[in-house]
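# Summary of structural features
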Amino acid sequence: MPYRWSEHENVTQQTLKLWPHQSLPPRGMAAFVLATFTLITIPLFGLLGTKLLWALLPFLMLAVGGIWFALNLSFQDRSTLETLTISKEQTTLHRTNPRTKDQHWESNTYWVTVEAYEKDGPVPHYVTLKGNGREVEIGAFLSEDERQELFEELTIAFSSARAAT
């Protein structure tokens, strides 16, 4: 699971950290781009010494560059991090974005409600937190099953935080 609840010695505060899946390590990216480059250049060996080689080469290199660019953007997206802190008085959600400003939300824990939209959200089982006049998403990058599990865990966490007051 790409999220973890932090264990605190005091039971009055819980912290949840969420991050996107990170299945391709940097060495895997380099290997994939190298393999793609190798496989694209193999058919070019038959064209060595012809004008057709120079006509095809820019397009093939553009394809390799596009793959590298897309994987590099994916690597930047891996730095997304959501941190939810639930105490008995205050709940805060901080989202660190790779290419835009960080986002911050806070509300009184007593008034926070956890919502799950099975079909009405941008993704199935869309999970949000409502409070302080705003509704914010949490864990949108998780899979459908992980969002369902997250909803259940958040419901339990907020119930126990309210009971601690």
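None of these values were measured; they are calculated from a predicted model.

### Here's the deal with the pairing of strand β7 (residues 126-131)
In terms of residue burial, β7 counts as a mostly covered element, since 5 of its 6 residues are buried. Looking at chain direction, strand β6 (residues 113-117) and β7 are connected through 5 bridges and run antiparallel. Bridge pairing links Ala 116 to Val 127 in β7. As paired strands, β7 and strand β8 (residues 134-137) are joined by 4 bridges and run antiparallel to one another. Directly across from Thr 128, in β8, lies its bridge partner Glu 137.

### Here we look at the pattern of salt bridges
As a working rule, side chains carrying opposite charge can pair if their charged atoms are close by. One pass over the full model with this rule turns up 2 salt bridges. Taking the shortest distance from any N to any O, the salt bridge between Asp 77 and Arg 99 comes out at 2.7 Å. Remark: Arg 99 occurs in the loop between β4 (90-96) and β5 (103-108) and Asp 77 occurs in helix α2 (residues 51-77); sequence separation between them is 22 residues. Using a relative accessible area of 32% as the deciding quantity, one classes Asp 77 as partly exposed. A relative accessible area of 47% places Arg 99 in the partly exposed class. The shortest N-O distance in the salt bridge between Glu 82 and Arg 95 comes to 2.6 Å. Taken together, the residues Glu 82 in strand β3 (residues 81-87) and Arg 95 in strand β4 connect sequence positions 13 residues apart. Here Glu 82 and Arg 95 have matching classes, each one buried.

### Thoughts on the side chain of Thr 83
Among the structural elements, Thr 83 can be located in strand β3. Once residues within four sequence positions are removed from consideration, Thr 83 is found in contact with Thr 15, Leu 16, Lys 17, Thr 92, Leu 93 and His 94.

### Quick notes on the sheet that holds strand β1 (residues 3-6)
Strand order in the open sheet made by the 5 strands is β1-β2-β3-β4-β5, with antiparallel pairing throughout. The open sheet has two edge strands with one neighbour each: β1 and β5. On average, adjacent strands in this sheet sit at an angle of 10° to one another, irrespective of strand direction. Pairing of β3 with β4 involves 6 bridges; the strand directions are antiparallel. Bridging across to β4, Leu 84 finds its partner in Leu 93. Of the strands in this sheet, β1, β2 (13-18), β3 and β4 touch helix α3 (residues 144-163), which is tilted by about 15° from β1.

### Here we look at the packing of aromatic side chains
Two measures describe an aromatic ring pair: the distance that separates the ring centres and the angle between the ring planes. Per the counting criterion, the structure on display carries 2 aromatic pairs. Between the aromatic rings of Tyr 110 and Trp 111, the centroid separation amounts to 5.0 Å while the plane-to-plane angle is 90°, which identifies the pairing as edge-to-face. On the basis of relative accessible area, Trp 111 is assigned to the exposed category, the value being 59%. Relative to Tyr 126, the ring of Tyr 117 has its centre 6.5 Å away and its plane inclined at 35°; by these criteria the two rings are tilted.

### Focus on the layout of surface pockets
The computed volume of the largest pocket comes to approximately 200 Å³. Pro 20, His 21, Ser 74, Asp 77 and Arg 78 are, among the 14 residues lining the largest pocket, the residues nearest its centre. For the lining of the largest pocket, the element with the most residues is α2, which contributes 4 residues. When grouped by side-chain class, the residues that make up the lining of the largest pocket number 6 nonpolar, 5 polar and 3 charged. What the second largest pocket holds in volume is close to 170 Å³. In terms of lining, the second largest pocket is formed by Glu 82, Leu 93, His 94, Arg 95, Gln 103, His 104, Trp 105, Arg 134, Val 136 and Glu 137. Of the residues that constitute the lining of the second largest pocket, the class distribution is 3 nonpolar, 3 polar and 4 charged.

Conventions and cut-offs
Residues numbered from 1 in each chain as written. Predicted model: local features only at pLDDT ≥ 70, side-chain atom pairs only at ≥ 80, totals over all residues. Heavy atoms only, no water. Buried < 20%, exposed > 50% of the residue type's maximum accessible area, 1.4 Å probe, protein only. Helix = DSSP H or I, 4+ residues; strand = E, 2+ residues; numbered from the N terminus. Pairing = 2+ DSSP bridges. Salt bridge = Lys/Arg side-chain N within 4 Å of Asp/Glu carboxyl O. Contact = heavy atoms within 4.5 Å. Axes fitted to C-alpha atoms, helices over the stretch in contact; angles between N-to-C directions. Phe/Tyr/Trp six-rings, centres within 6.5 Å; stacked < 30°, edge-to-face > 60°. 1 Å grid on protein atoms, 1.4 Å probe; cavity = no way out; pocket = protein on both sides within 12 Å on 5 of 7 lines; lining within 4 Å. Points joined across faces, edges and corners; volume = space filled by probe spheres on them. Nonpolar A, V, L, I, M, F, W, Y, C, P; charged D, E, K, R; others polar.

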